[in-house]
Amino acid sequence: MSIQVTNLTKVYGTQRAVDGISFSLKPGEIVGFLGPNGAGKSTTMKILTGYLNSTSGTATVADFDVQQQAMPARRAIGYLPEHNPLYLDMYVREFLLFSGKLYGMRGSTLKSRVDEMINLCGLEVEKRKKIGQLSKGYRQRVGLAQSFLHDPAVLILDEPTTGLDPNQIQEIRELIRTAGHNKTVLFSTHIMQEVEALCDRVIIINKGRVVSDSSLEELRQTGKSLEETFRNLTV
Ligand SMILES: Nc1ncnc2c1ncn2[C@@H]1O[C@H](COP(=O)(O)OP(=O)(O)OP(=O)(O)O)[C@@H](O)[C@H]1O
């Protein structure tokens, strides 16, 4: 399995933000991770990417335990966090070169990979600007370029299109489809059409628990829209 989550729990103080969830993703699957605000999506993603430790349970990425084998697990992951923290004073190309070095890339391999990502993510026209001068959509492209840079097998994208205009949403979606080809992708979103446009399968969580894990095809066969299913399971 590319991602295996087993009985994962995260307690903040007295709150069980993630409450014994289990799910898995096979190599090459694109899975939408849905849930209302506060359901525990970002917390789960932060545990998968090693930003947070779980309270109990296990998670593996590319068969590496995210806590016990943190470094190889992280090498297998491209992560776009919800608020996409970037160094605003850095130039686009400078930032991507810097990020690549953190992944141990050097010399001509690094430079050609950065140029490839600039091209793939449509950053050519903006590559000489400082990140702080970019629009939100272009900042998101920089975040995606960074997450794809080391060619990870697994992409974990936390609300990659939130706050973008309809054209940018379409472009970022296309980018995820292109760059996510042959990769395993887990992404969270509140946009149902996005799930329908991109996903093989949908996992819905509510109050820290998995309430549905079905293929889009199975959900279609219920005769209800995804929105209706979501509301029925989470209101
Ligand atoms: N560092 C923290 N300390 C305490 N509570 C936290 C912390 N981070 C998250 N929480 C709480 O855990 C719960 C789950 O939060 P999380 O961010 O994982 O939800 P989410 O599903 O990603 O929500 P959204 O769709 O709004 O981004 C929320 O009630 C949140 O307030």
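Each chain carries its own residue numbering, running from 1 in the direction its sequence is written. Where local features are concerned, this predicted model is filtered to residues with pLDDT of at least 70; where side-chain atom pairs are given and counted, the filter is 80 or more; whole-chain, interface and lining totals use all residues. Only hydrogens and water are set aside when side-chain values are computed; all heavy atoms of the structure are taken into account.

Asker: Mind showing me how you'd approach the pattern of salt bridges here?
Answerer: Once their charged atoms are close, side chains differing in charge can pair, the charge on each being opposite to the other. Here, a salt bridge means any side-chain nitrogen of Lys or Arg that lies within 4 Å of a carboxyl oxygen of Asp or Glu. Taken as a whole and assessed by the stated rule, the structure comprises 14 salt bridges. Where arginine 113 meets aspartate 151, a salt bridge forms, and the shortest distance between an N and an O atom there is 4.0 Å. Of this pair, arginine 113 sits in helix α4 (residues 107-120) while aspartate 151 sits in the loop between α5 (136-148) and β7 (154-158), and the two are 38 residues apart along the sequence. Between arginine 173 and glutamate 194 there is a salt bridge, with the nearest N and O atoms lying 3.2 Å from each other. Linking arginine 173 in helix α6 (residues 166-179) with glutamate 194 in helix α7 (residues 192-198), this pair joins segments that are 21 residues apart in sequence. Accessibility classification places arginine 173 together with glutamate 194 in one group, the buried group. What you see here is one network of salt bridges that share partners, running through Arg113, Glu116, Asp151 and Lys183. Numbered from the N terminus, helices here are DSSP runs of H or I no shorter than four residues, and strands are runs of E no shorter than two. Only protein chains enter the accessibility calculation, which uses a 1.4 Å probe; a residue is then buried when its area is under 20% of its type maximum, exposed when over 50%, and partly exposed in between.

Asker: What am I meant to see in the site of the ligand here?
Answerer: Contacts to the ligand come from 14 residues, most closely from Gln15, Gly38, Lys41, Ser42 and Thr43. Side-chain atoms alone can form a polar contact between residues adjacent in sequence; in general such a contact is a pair of N or O atoms within 3.5 Å, and within protein one must be able to donate a hydrogen while the other accepts it. One nitrogen or oxygen atom from the side chain of asparagine 37 is found 2.9 Å from an oxygen atom belonging to the ligand. For the ligand, the accessible surface in isolation is 640 Å², of which the surrounding protein chains cover 63%. When residues of the shell around the ligand are traced back to their parent elements, those giving at least two are β2 (15-25) and α1 (41-48). Element by element, the count of residues in the shell around the ligand is highest for α1, at 3 residues. Polar here means any residue outside two lists: the nonpolar Ala, Val, Leu, Ile, Met, Phe, Trp, Tyr, Cys and Pro, and the charged Asp, Glu, Lys and Arg; Gly therefore counts as polar. For the shell around the ligand, a count of residues per class yields 4 nonpolar, 7 polar and 3 charged. Neighbouring residues are identified by heavy atoms, a residue being near a molecule or strand if any of them is within 4 Å of it. Where accessible areas are quoted, they stem from the Shrake-Rupley method and a 1.4 Å probe; at the residue level, only the protein chains shown are allowed to cover.

Asker: Would you take a moment to explain the nonpolar core for this structure?
Answerer: Nonpolar cores were defined as sets of buried Ala, Val, Leu, Ile, Met, Phe, Trp, Tyr and Cys residues, with membership established by side-chain atoms within 4.5 Å. Residues Leu34, Leu123, Val142, Phe148 and Leu157 are the most contacted members of the largest nonpolar core, which totals 44 residues. Note: domain ranges come from an automatic or database domain assignment. Two domains each provide a minimum of three residues to this core, namely domain 1 (1-76 + 153-171 + 186-235) and domain 2 (85-152). Any two residues whose heavy atoms approach within 4.5 Å at even a single point are treated as in contact. Excluding anything up to four places from it in sequence, leucine 157 contacts Met45, Leu80, Leu144, Ser147, Ile176, Val185, Leu186, Phe187 and Ser188. Within the second largest apolar cluster, 25 residues are counted, among which are Val18, Ile21, Ala59 and Val66.

Asker: Even after reading the chapter, I still don't get the domain arrangement of the protein, so can you show me in this structure?
Answerer: As a measure of interface size, the accessible area lost when the parts come together is often cited. Each assigned domain of the protein is listed with its residue range as follows: domain 1 (1-76 + 153-171 + 186-235) and domain 2 (85-152). Computed from C-alpha atoms alone, the centre-to-centre distance between domain 1 and domain 2 is 25 Å. If you look at the interface, domain 1 gives 15 residues, while domain 2 gives 12 residues. One can count 1 salt bridge joining domain 1 with domain 2. Across the pair glutamate 171 and arginine 141 runs a salt bridge, and its minimum N-O distance is 2.3 Å. Take the side of domain 1 that touches domain 2: its biggest share by element is 3 residues, from β7. Each residue belonging to the side of domain 1 that touches domain 2 can be placed in one class, and the counts come to 7 nonpolar, 4 polar and 4 charged.

Asker: For this particular structure, what's the right way to read the UniProt feature "domain: ABC transporter" (unreviewed entry) in the protein?
Answerer: Taken from the UniProt record, the annotation "domain: ABC transporter" (unreviewed entry) applies to residues 3-232. In the segment residues 3-232, helix accounts for 37% and strand for 27%; the C-alpha atoms at its two ends are 27 Å apart. UniProt positions are given in the numbering used here, feature names are shortened, and annotations may be inferred rather than shown by experiment.

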